[in-house]
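Residues per chain are reported as follows:
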Amino acid sequence: MLSTASHMPVIAWAAAAACLSGAATLLLTPAMIKAAYTFDWVDYPQADRWHATPTALMGGVAMYGAGALALLLLGPLVGVGTDVGLIGGGATLLFAVGMVDDLWGVGPTTKLAAQVGAAVLLMAAGHVFGPEWPLWASAPVTLVWVIGITNAVNLLDNMDGLAAGIGGIAAVALTAFAAAGGALTAFAAAGGALPAALLGGTVGGAALGFLWFNAKPARIFMGDCGSLVLGYGVAALAVMGQGAVAAGPGVAVLAPICALAVPILDTTLVTVARTQAGRPVTNGGQDHTSHRLVTLGLSESAAVGTLHGMGAVAGGVGLTALVVEPTLFYAACAFGTVALGVIGGSLGRLDVYRTARVGGDGAPSVSTSPSSNAQAGQGRWQTVAAYLVGDGLLIGGALAAAHALVGSGGLAGAGGVPIVEGVLLVGGVQLAVLYAMGLYRRLWRHAGTPGIARIVGTILLAQAATAGGLALVYGLGAVSAPLLMVDGLILTLGVLGSRLGRRGLQRGASLYRPRAAPAESVSNVLLYGTGEQAMLALRALRDAEETDRVPVGFVDPDPSKQDQIVQGLPVFGGPGACADLCREHDIDEVIVAVGDAAADHEQEVARQCAEAGVACHSFDVRMKPLGAGREDSTHGEPMPGPPA
């Protein structure tokens, strides 16, 4: 049968599988929607779910049926029945368990056992993570990889169109990687490329076909019977793609991982955030990456679109491994990891555990749960450690990129410096300079021109120290001026991006926030306080029919609350900065909402507002007694807490 397929390019078989699978999904899904409402396979709104209307379930039945049809028709034509059949058996196992879970519910142990079985079938088909590794290393990593990615995609199915879009994009990128890589190597169609391309086209077509019905507003959800199979499919594709190409050391392993960066980011963020907040990791909740983007100010559609875009960019980075030398690809992976770290760190600081969504696409509002700032912030040592790891990646990536761009004038060509020793020396010297110059002892969210100048000066000093270290250890011949210039420029851009990325993320998100019409008179409002009283004030401003007041941020006397994000708005600083903040952010009104908790600061806030020439008002919730048939002029009593 291989001879039958040999005349046809690998990518053509992938396209055929995608078209067949996608078309079948488009035909089967409407039937599943009707069947779901007939048999009451409906997901009704719940407190821990995002959707606000009853929605049909079991869309995974259509996806699985379409994929099975494509593989059964095309598999025999290209002679890849055995290995693809074993992988299909793993998908069938997960589909069955997922369907039982959707209908009646199963325990986590049963799901885990099914995922282990599916991973074993993948290995039985001859596909392992790190095909060049010894079996004692590759087998357990394959097991962890399949379980991790399967659950990551399953958890990502939390907003309309999110999991289907991310899964489809990842499948396209992984299929292109395997097909293009196989065409460039001796593996070609007879090797690992053809099975991967056939499976990838099937998975991608089913996911993108289902997206037509699952995009907001979703007419049907895939359920666990769809998300588990989709997660297993892309996990298997990533493993198969590693054996389908012959690339540099580590490239074949790293490139497929890039295509799944979004599910990995989401699972990591949720795990770390729930652990820090003292919440069970296995419990559901509205604390995923998508929910945090909505809390930051994006609409639901914009949040999903942003994650789709991130998935496409990450997949594109993985595909660059086929056209650039390994050194540049490693540099791109290092920079991409830091970028994801900045995004994850910024979103991780959002105070999502005290919020609950109101309406379908609206901004979150305050819940009655106790305030907890511990989960949003990090200890100083954790922050410093994160910066050190990030800067280490930036230094290594910048040096690798500079070495590749400079060519013969790179580190290895400068006086014959051993590349590993040289990298360790350069990295150690530059990290030491960055630490000594205080780049880990300040907050960067409000950094302006002085902060940028400090970073540039520090990098220049680090380059000078690097030149001195190389000359001292290896002699003057080891100092390459072109290498240090290119390395310094790339490192400067990287460090600036890592320090100012959070600020840029917030500014970018602000573009999606609803704004009043230009003809209206709008007042920018600064809220004093971040407690329950302030949350009530913010809710009153957001829920008011008139839009003449726009909250832009908070000030708070508690230093531990500063540099946080609450309800999608930044906590700028303490009360002593009110006047400067009013001028910097064009504030028209300050609303003090602290009750009796910090009444001693009210006069100082009022004085600074007068100095800045802005209005200052107090927000309070009071309960007034009313006499029968008359108004009572008695002063009201402050309520002890928010109204029920």
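Residues numbered from 1 in each chain as written. Predicted model: local features only at pLDDT ≥ 70, side-chain atom pairs only at ≥ 80, totals over all residues. Heavy atoms only, no water.

Caption draft 1: Representation of the overall build of the chain. When helices and strands are tallied, the chain shows 21 helices and 12 strands. Across the 644 residues that make up the chain, the buried fraction comes to 48%. Nonlocal contacts in the chain, meaning residues at least 24 apart in sequence, comprise 76% of its contacts between residues at least 6 apart. As presented, the chain carries roughly 27800 Å² of accessible surface, and 66% of it is formed by carbon and sulfur atoms. (Helix = DSSP H or I, 4+ residues; strand = E, 2+ residues; numbered from the N terminus. Buried < 20%, exposed > 50% of the residue type's maximum accessible area, 1.4 Å probe, protein only. Contact = heavy atoms within 4.5 Å. Areas by Shrake-Rupley, 256 points an atom, 1.4 Å probe, with all protein chains shown as cover.)

Caption draft 2: Fine view of the pattern of salt bridges. Taken as a whole and judged by the stated rule, the model has 10 salt bridges. Among the ionic pairs, K111 bridges to D101, the shortest N-O distance being 2.9 Å. With K111 in helix 5 (residues 108-124) and D101 in helix 4 (residues 81-103), this pair connects stretches of sequence that are 10 residues apart. The same class applies to K111 and to D101, which are both buried. For E300, the salt bridge identified is with K216, shortest N-O distance 3.6 Å. Residue E300 is located in helix 13 (residues 300-319), and its partner K216 is located in the loop between helix 8 (193-214) and helix 9 (224-244); the two are separated by 84 residues in the primary sequence. Here the salt bridges share partners, and the residues they tie into one network are D580, R583, E604, R607 and E611. (Salt bridge = Lys/Arg side-chain N within 4 Å of Asp/Glu carboxyl O.)

Caption draft 3: Structural context of helix 10 (residues 251-259). Most of helix 10 is tucked away, with seven of its nine residues classed as buried. Along helix 10, the residues that are buried comprise V251, A252, V253, A255, P256, C258 and A259.

Caption draft 4: How the structure looks around unusual backbone geometry. With an omega dihedral of -5°, the bond running from K216 to P217 counts as a cis peptide bond. Unlike most non-glycine residues, D40 shows phi in positive territory, near 60°. Positionally, D40 belongs in the loop between helix 2 (10-38) and strand 1 (42-43). Residues other than glycine seldom take positive phi values, yet M58 does so here, at roughly 70°.

Caption draft 5: Examining empty space enclosed by the protein more closely. As enumerated under the stated definition, the model contains one cavity of 30 Å³ or more in all. Its boundaries defined by the atoms lining it, the largest cavity holds a volume of some 40 Å³. In terms of residue count, helix 10 provides more of the lining of the largest cavity than any other element does, four residues in total. A breakdown of the residues in the lining of the largest cavity according to their chemical character gives eight nonpolar, two polar and no charged. (1 Å grid on protein atoms, 1.4 Å probe; cavity = no way out; pocket = protein on both sides within 12 Å on 5 of 7 lines; lining within 4 Å. Points joined across faces, edges and corners; volume = space filled by probe spheres on them. Nonpolar A, V, L, I, M, F, W, Y, C, P; charged D, E, K, R; others polar.)

Caption draft 6: Quick peek at the packing of aromatic side chains. The tally for this structure, following the rule as stated, stands at five aromatic pairs. Consider the rings of F129 and W145, whose centres lie 5.2 Å apart with planes at 50°: the pair is tilted. In this pair, F129 is assigned in the loop between helix 5 and helix 6 (135-156) and W145 in helix 6, connecting sequence segments 16 residues apart. On the accessibility criterion, F129 (5% relative accessible area) is buried. Summarising the aromatic geometry, the rings of F329 and Y330 are spaced 6.4 Å apart at their centres and angled 50° between planes, so their arrangement reads as tilted. Judged by its relative accessible area of 0%, F329 falls in the buried class. (Phe/Tyr/Trp six-rings, centres within 6.5 Å; stacked < 30°, edge-to-face > 60°.)

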